[in-house]
Amino acid sequence: MEKWPLGVFASIDAGLGVKLEVAHELGVPTIQLHAPAKSTRTADNAQRFLDRLAGYGIRITCVFGGFEGESYADIPTVTETVGLVPPKTRAARTKEMKEIADFARLLGVDAVGLHLGFIPHDASDPLYKEVLAVTRDLCDHCQSQNQNVHLETGQEPADPLVQFIQDTQRNNLFINFDPANMILYGSGEPIEALEKVGKYVRSVHCKDGTWAANPGQEWGREVALGQGDVDMERYLRTLDKIGYHGPLTIEREIPQEPERQKAEIGKALALLTELKRKIG
Ligand code: MG
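K.L.:
Is there a simple way to explain the packing of helix α6 (residues 158-168) against helix α8 (residues 190-197) in this structure?
P.N.:
Two measures define how a pair of helices packs: the angle their axes make with one another and the distance between the axes. Axis separation between α6 and α8 bottoms out at 9 Å; the angle between their running directions is 20 degrees. By the angle between their directions, the pair α6 and α8 is classed as roughly parallel. Pair α6 / α8 crosses with right-handed handedness. Note on element contacts: α8 touches α6 through A193, K196 and V197, opposite A158, D159, L161 and V162. Tallied by class, residues from the contact of α6 with α8 come to 5 nonpolar, no polar and 2 charged.

And the structure:
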């Protein structure tokens, strides 16, 4: 397989990332798919969708789950609303995440990703054991259909994230590394973190951002690729060093400005193409 095929984060209906037509117009060979709404996740739709992608020459490399009620408004709101950590929504969301994995199976995709939520950093916190249990449950469901689970980075610094993955004792749990999230959440210098979690990285986002004045308390700012504090050349060189040669999936979340979003992703594709040539 080609080293570092380019890709974008995309969705079929409403969802994060760009619309499928935009991915097609941008000419990328791969996408990560934000899972469509429950009513859309049928076998018939999966086939129709695969036919459409075949026409575009696009392959899906990972299906990402997201849930109703999640909000990324600010960091405390993320803690309360995102992923499988919040107790009130955990059971229903775990069930839904398994259904999303089943839909990914229909699409022939062997990796599902998600933001798990803020994992307590203190392993003696009872919540830590609950999050371990729910993660094992999801991993076991996915294992039964030969799928891996990729945790999106951001909420955890590298060391507690590696510790958590080891504590689950599951061999199909990996990482979707998002360097900008490390900056946006203030959870650590991204390149240093990437070197620490390297052996678990099975998919990545190419996203950029700038540090907040008070990292960890307020959001950093997401910016166009190459304009932020990640340092894309160093990022790609480090991916090379850890032996990651899978898809480079561009993520740019400015759905309110679709024209600008498409233009900036176009520039990001040019930047990554140039860096790929340079690094080889
Ligand atoms: Mg991301």
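K.L.:
Looking at this structure, how should I read the packing of aromatic side chains?
P.N.:
For any two aromatic rings, the description comes down to two numbers: the centre-to-centre distance and the angle of the planes. Scanning the entire structure with this criterion turns up 5 aromatic pairs. With a centroid separation of 5.8 Å and 85 degrees between ring planes, the pair formed by Y128 and F164 is classed as edge-to-face. One end of the pair, Y128, is in helix α5 (residues 126-143); the other, F164, is in helix α6, with 36 residues separating them in the sequence. Comparing Y128 with F164, the two get one shared label, buried. Their ring planes at 80 degrees and their centres at 4.7 Å tell us that Y185 and W219 sit as a pair that is edge-to-face. Remark: W219 occurs in the loop between β9 (208-210) and β10 (221-223) and Y185 occurs in the loop between α7 (179-184) and α8; sequence separation between them is 34 residues. By the ring-pair criterion, three or more aromatic residues cluster together here, those being F118, Y185 and W219. Taking NZ or CZ as reference, K3 lies 4.5 Å from the ring centre of W4, over its face. Just above the ring of F174 sits the side chain of R202; from NZ or CZ to the centre is 3.8 Å.

Cut-off values and rules
Residues numbered from 1 in each chain as written. Predicted model: local features only at pLDDT ≥ 70, side-chain atom pairs only at ≥ 80, totals over all residues. Heavy atoms only, no water. Axes fitted to C-alpha atoms, helices over the stretch in contact; angles between N-to-C directions. Helix = DSSP H or I, 4+ residues; strand = E, 2+ residues; numbered from the N terminus. Parallel < 35°, antiparallel > 145°, perpendicular 65-115°, else oblique. Left-handed = near helix turned anticlockwise from the far one by under 90°. Contact = heavy atoms within 4.5 Å. Nonpolar A, V, L, I, M, F, W, Y, C, P; charged D, E, K, R; others polar. Phe/Tyr/Trp six-rings, centres within 6.5 Å; stacked < 30°, edge-to-face > 60°. Buried < 20%, exposed > 50% of the residue type's maximum accessible area, 1.4 Å probe, protein only. Lys NZ or Arg CZ within 6 Å of the ring centre and 35° of its normal.

Taken by themselves, the reported measurements are silent on function.
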